[in-house]
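Residue-level structural notes
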Amino acid sequence: MSSQSPSLPPAPPPASPTPPARPSLGALVWRWARRLLILGAVGVVLLALVIGGAYFYYSQNLPSAEALRTYSLPQVTKVRCADGTVCAEFFMPQGRRTVVNIEKLPPHVRNAFLAAEDADFYKHPGLDFFGMTRAAVKNLIPGSRKSGASTITQQVVKNMLLTPERSLSRKIREWILTPRVEQALTKDQILGLYINQSYFGQGRSGIEEAALYYFGKHAADLTLGEASVLGGTVQSPNRINPEKNIVKAKQRQRYVLGQMAEQGFVPREVVEKELEKPIVLAPRPPPEVGPYYAEEIRRTLVARYGDQAVLTGGLRVDIAMVPKLQAVADEAMRKGLEAVDRRLGYRGALGTLEPERFERLKPFISKQIEEAGRRQKEGANVADLSPLAQTLNGQQPVPAEEPVVVTATEEEEEAPLSPEEQLANTVTLAPLAEGLRVAGFVTQVDDAGKKARVDLVSRTAEIQFSTVTWARQKGKSAPTKMSDVMKAGDIVLVRVLRVTPAPAVLEATLDQVPVVQGGFVVINPQNRNVVAMVGGYDFTQSPFNRATQARRQPGSSFKPFLYGAAMGTSRYTPISTVNDAPEAIRDPYTGKTWKPQNYDRSFDGPMTLRQALTKSKNTVSVRLIEAITPVVAIDFARRAGIQSPLPENLTLALGTGEVTVLEAANAYATLQANGRYAEPLTLLKVTDAQGKVLEEHQPAFEETLPPAVAYLTTSLMRSVVEEGTAKAVTELNRPAAGKTGTASENRDTWFSGFTADFVATAWVGFDDHSPLGSTETGGRAPLPIWLDFMRAAHKDLPSREFEVPAGVVQLRIDPATGLLAGSSVPGRLEPFLEGTQPTAEAPPPGHVSPSDFFLQEGSRGGL
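Attention in this report is confined to the structure presented alongside it.

Cut-offs and rules
Residues numbered from 1 in each chain as written. Predicted model: local features only at pLDDT ≥ 70, side-chain atom pairs only at ≥ 80, totals over all residues. Heavy atoms only, no water. Pairing = 2+ DSSP bridges. Helix = DSSP H or I, 4+ residues; strand = E, 2+ residues; numbered from the N terminus. Axes fitted to C-alpha atoms, helices over the stretch in contact; angles between N-to-C directions. Phe/Tyr/Trp six-rings, centres within 6.5 Å; stacked < 30°, edge-to-face > 60°. Buried < 20%, exposed > 50% of the residue type's maximum accessible area, 1.4 Å probe, protein only. Contact = heavy atoms within 4.5 Å. Salt bridge = Lys/Arg side-chain N within 4 Å of Asp/Glu carboxyl O. Patch = residues over 30% accessible without salt bridge, like charges linked within 9 Å, V, L, I, M, F, W, Y side chains within 5 Å. Areas by Shrake-Rupley, 256 points an atom, 1.4 Å probe, with all protein chains shown as cover. Parallel < 35°, antiparallel > 145°, perpendicular 65-115°, else oblique. Left-handed = near helix turned anticlockwise from the far one by under 90°. Nonpolar A, V, L, I, M, F, W, Y, C, P; charged D, E, K, R; others polar.

1. Regarding the sheet that holds strand S20 (residues 693-696)
As summarised here, the arrangement of the five strands in space is S2-S1-S3-S19-S20, forming an open sheet in which the pairing is mixed. The open sheet terminates on both sides in strands that have one partner only, identified here as strand S2 (86-90) and S20. Neighbouring strand axes in the sheet, compared pairwise and without regard to direction, differ in orientation by 20° on average. The pairing of strand S3 (residues 316-319) with strand S19 (residues 683-687) spans four bridges and is antiparallel. Of the residues in S19, the one forming a bridge with Val 317 is Val 686.

Now the structure itself:
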């Protein structure tokens with residue numbers, strides 16, 4: 001039997017899940033807000049960690065802001081000359097600086113800088129966060145001018161504690177240091193650092209030097225308009241200083257004045273009156289005299305105190321230079337070397353340029369002329385194309401201005417220049433005046449009219465052929481027409497002879513910078529002060545000082561020391577006779593045989609020492625040194641002041657030892673002072689910035705030569721200037737003594753000489769020892785320099801005789817016999833060392849005695 005299970009009812013379908021309740025809007029907002037809050041908190045923490053880390057990282061090795069409390073800004077070292085004027089300054093490449101106390105500046109001067117750079121300076125804590133935000137937004141706008149929003153405090157930090165590097169790391173360090181500086185210093189101290197540290201263009205740093213240079217007054221005396229010019233210059237000192245670009249300087253001044261009115265620094269009505277006033281620049285400071293002298297002082301100071309002390313320490317230095325005499329010496333050297341250079345001929349144009357290219361350059365140069373500031377008492381500017389010619393010839397032009405500081409604004413504004421603009425920018429400008437020397441572009445050569453036209457961009461100069469007949473070029477005959485000298489397209493140096501009212505042409509002549517060089521030293525023998533020193537033609541072209549750094553052969557100008565040494569042996573007197581005759585001599589000191597020659601290749605037979613020195617006889621000099629030995633001559637020269645090595649052989653008689661101009665002049669000063677030697681003095685006193693005397697010098701005289709011997713030597717040299725190779729000196733109409741010198745092959749030419757008031761030595765020659773030419777001698781090349789100086793230096797000075805020392809006997813001598821001139825024989829006054837004078841009286845005219853034909857060796861002897 002089967003059974004069957006009961007069937008179950010089917011399971012009900014599963015119920016669908018109940019949908020979750022939808023959150024309310026408030027819940028959603030809270031949820032996202034909570035997430036954002038968490039994210040923001042994390043971000044703040046991360047940002048704080050980043051900022052803290054960055055602060056910690058960039059704070060490492062930062063300079064101390066406290067250092068600014070005692071920071072000493074680099075200050076110019078001022079050099080004061082004998083007349084009390086400041087005649088030279090030594091400073092860092094950033095320019096001259098003289099620090100002034102901010103408290104002594106009137107409010108409108110200080111406010112001009114605030115208006116220009118940081119109007120809220122006294123309100124913010126060093127960082128202007130609103131300004132930084134504004135600058136950041138502005139920098140994001142395409143095409144907008146970039147803005148840094150640096151406060152004055154930030155600029156002080158950047159310039160004095162950091163570097164001008166443009167980087168984020170430097171900026172972060174600046175942000176860190178700025179509050180520290182604000183805590184360490186007062187606002188006035190910070191502003192004082194800023195105003196004294198800022199660069200104002202033209203080699204001037206600090207407001208005091210800028211005020212003196214541009215406006216000829218101290219910073220405390222600046223007017224509102226002048227202060228606003230300087231306040232605006234700091235932003236871009238090389239581009240908008242009023243000398244470089246007076247148009248932009250005026251635009252910037254108006255901005256500063258407007259800011260001063262807007263900030264309430266100055267009443268609006270006062271500003272309105274100032275806005276339209278022109279910027280008036282003071283007359284240009286006179287050029288410093290004696291640049292070679294000043295450089296000699298700088299080198300001396302650096303050797304003793306180091307570069308930093310000299311260039312930044314604010315030393316006060318007194319030197320022996322007399323500016324009035326130095327200016328005369330500078331001019332005498334220029335004039336003398338130019339005369340020698342013209343006799344040597346014309347070296348040709350400075351360069352050439354296609355007329356079409358010059359026409360493309362002219363607009364750029366003209367713009368510079370139009371925008372340049374013009375000082376009081378100066379003519380309009382003209383272009384000097386000398387740097388352009390140097391650039392075209394592949395040379396590096398000599399900078400016309402001192403090194404500059406380039407600001408961040410100038411770097412940002414630096415726009416790429418076309419090749420023509422770059423070339424035009426090398427051109428310098430010069431105010432038009434008679435005597436001005438500039439390079440111009442030859443546009444026209446007219447042989448028929450015997451003239452040429454030269455374009456100076458703003459004016460045209462005309463050169464007459466009659467003024468260029470000297471311009472004979474090497475290997476060619478003298479010019480007969482203008483086209484023999486120049487052609488269109490040449491860049492030539494011209495000198496303005498006469499300034500005529502525009503648009504008439506200027507009268508000019510062709511010019512040339514000499515290659516021949518010179519050295520010149522003037523000493524006051526009473527105190528051995530070096531009152532003037534010239535080391536070359538142009539210091540800017542060649543700072544090498546040929547008066548102190550070059551040793552050259554003195555030639556016959558050494559002979560007075562030889563003759564003095566001979567008379568010092570008491571074997572010779574001024575009237576001792578020596579034979580001027582040709583003779584082959586074997587020099588025992590060199591082993592060589594040589595035959596001394598006189599300059600004129602002639603021989604005059606027996607003559608006195610006086611006559612031999614007057615005629616500069618080489619043969620007599622060789623016979624003298626052969627008799628007394630070189631050692632005796634060298635010893636005499638050493639005691640006079642010649643310190644350079646001298647050859648111990650017979651050629652010394654002809655001046656083959658090399659000496660400096662300074663030591664030659666001082667050795668002659670020993671002769672002038674009757675044997676009293678002292679070191680030549682250039683540096684008299686040095687004081688530090690606090691007034692402490694570091695060194696002081698007075699002459700220390702010492703009698704190194706017998707006074708009577710020195711006087712006799714001077715007496716012989718008086719004959720040289722009265723009847724010998726230096727006869728031109730008689731123009732002075734006063735007692736003078738000296739000796740010319742011409743070294744072998746006319747490579748060195750000298751003249752050393754003196755009066756009762758001054759001793760001077762002049763040298764002329766080439767730096768590379770090239771011959772000057774057979775016609776250039778000591779009496780033709782350097783003597784005119786010496787004479788030009790002496791003529792001016794002795795103006796209004798009374799004529800004075802040389803002092804006759806004890807030990808000198810002056811007797812009337814018969815020149816024919818060398819014996820005492822009796823009552824029946826006319827004679828001349830002759831000095832002798834006491835004990836060497838003749839005692840016999842000359843026989844009456846017509847009386848002949850065999851014993852009178854020759855004088856005995858000794859006090860009246862010879863060779």
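Structure's up, so let's keep going.
2. Brief notes about the packing of aromatic side chains
Taken as a whole and judged by the stated rule, the model has 14 aromatic pairs. Seen in terms of ring centroids, Phe 113 and Phe 200 are 6.1 Å apart; in terms of plane orientation they differ by 85°. Their pairing is edge-to-face. Remark: Phe 200 occurs in the loop between helix H6 (187-197) and helix H7 (207-215) and Phe 113 occurs in helix H2 (residues 107-117); sequence separation between them is 87 residues. Each member of the pair Phe 113 and Phe 200 is classed as buried. Between Phe 121 and Tyr 122, the ring centres sit 5.0 Å apart and the planes meet at 80°, which makes this aromatic pair edge-to-face. Owing to a relative accessible area of 0%, Phe 121 belongs among the buried residues under this scheme. Ring pairing ties together the aromatic residues Phe 558, Phe 561, Tyr 668, Phe 754 and Phe 802, which thus form one cluster.

3. A look at the side chain of Gln 326
Tracing the chain through its elements places Gln 326 in helix H13 (residues 323-344). Aside from chain neighbours lying at most four places away, what touches Gln 326 is Val 289, Gly 290, Tyr 293, Met 321, Val 531, Ala 532, Met 533 and Val 534.

4. Observations concerning the pattern of salt bridges
What the rule picks out here adds up to 49 salt bridges. For the salt bridge of Arg 284 with Glu 378, the shortest nitrogen-to-oxygen distance reads 2.6 Å. Here Glu 378 lies in the loop between helix H14 (355-371) and strand S5 (381-384) and Arg 284 lies in the loop between helix H10 (268-275) and helix H11 (291-305), a separation of 94 residues in the sequence. For Arg 552, the salt bridge goes to Asp 748, with nearest N and O atoms at 2.8 Å. You can see Arg 552 sitting in the loop between strand S13 (529-534) and helix H18 (559-568) and its partner Asp 748 sitting in strand S23 (residues 748-754), a full 196 residues away along the chain. This pair shows no difference in class: Arg 552 is buried, exactly as Asp 748 is.

5. Here we look at a nonpolar patch on the surface
On the surface, a cluster of nonpolar side chains totalling about 470 Å² of accessible area is made up of Ile 38, Val 42, Val 45, Leu 46 and Leu 49. Within the element layout of this structure, Ile 38 appears in helix H1 (residues 25-59).

6. A word on the packing of H18 against helix H21 (residues 630-640)
The contact between H18 and H21 brings their axes to 8 Å, and the two run at 110°. The orientation of H18 with respect to H21, classified from their angle, is roughly perpendicular. Helix-helix and strand crossings are classified by hand; for H18 and H21 the assignment is right-handed. Contacts from Phe 561, Leu 562, Gly 564 and Ala 565 of H18 reach H21 at Val 632, Ala 633, Phe 636, Ala 637 and Ala 640. Its residues assigned to classes, the contact of H18 with H21 shows eight nonpolar, one polar and no charged.

7. Observations regarding the packing of H2 against H6
Relative to each other, H2 and H6 sit at 85°, their axes nearing to 11 Å. Judged by the inter-axis angle, H2 sits roughly perpendicular to H6. For the pair H2 and H6, contact is made by Arg 110, Phe 113, Leu 114 and Glu 117 and by Leu 191, Tyr 194 and Ile 195, respectively. Broken down by class, the residue content of the contact of H2 with H6 amounts to five nonpolar, no polar and two charged.

8. Topic: H18
Among the 10 residues that make up H18, nine are buried, leaving the element largely enclosed by the rest of the structure. Among all positions in H18, only Lys 559, Pro 560, Phe 561, Leu 562, Tyr 563, Gly 564, Ala 565, Ala 566 and Met 567 are buried. Where H18 ends, the next residue or the one after it, Ser 570, has phi of about 65°, a positive value.

Spatial relationships are all this shows, so hold off on functional conclusions.
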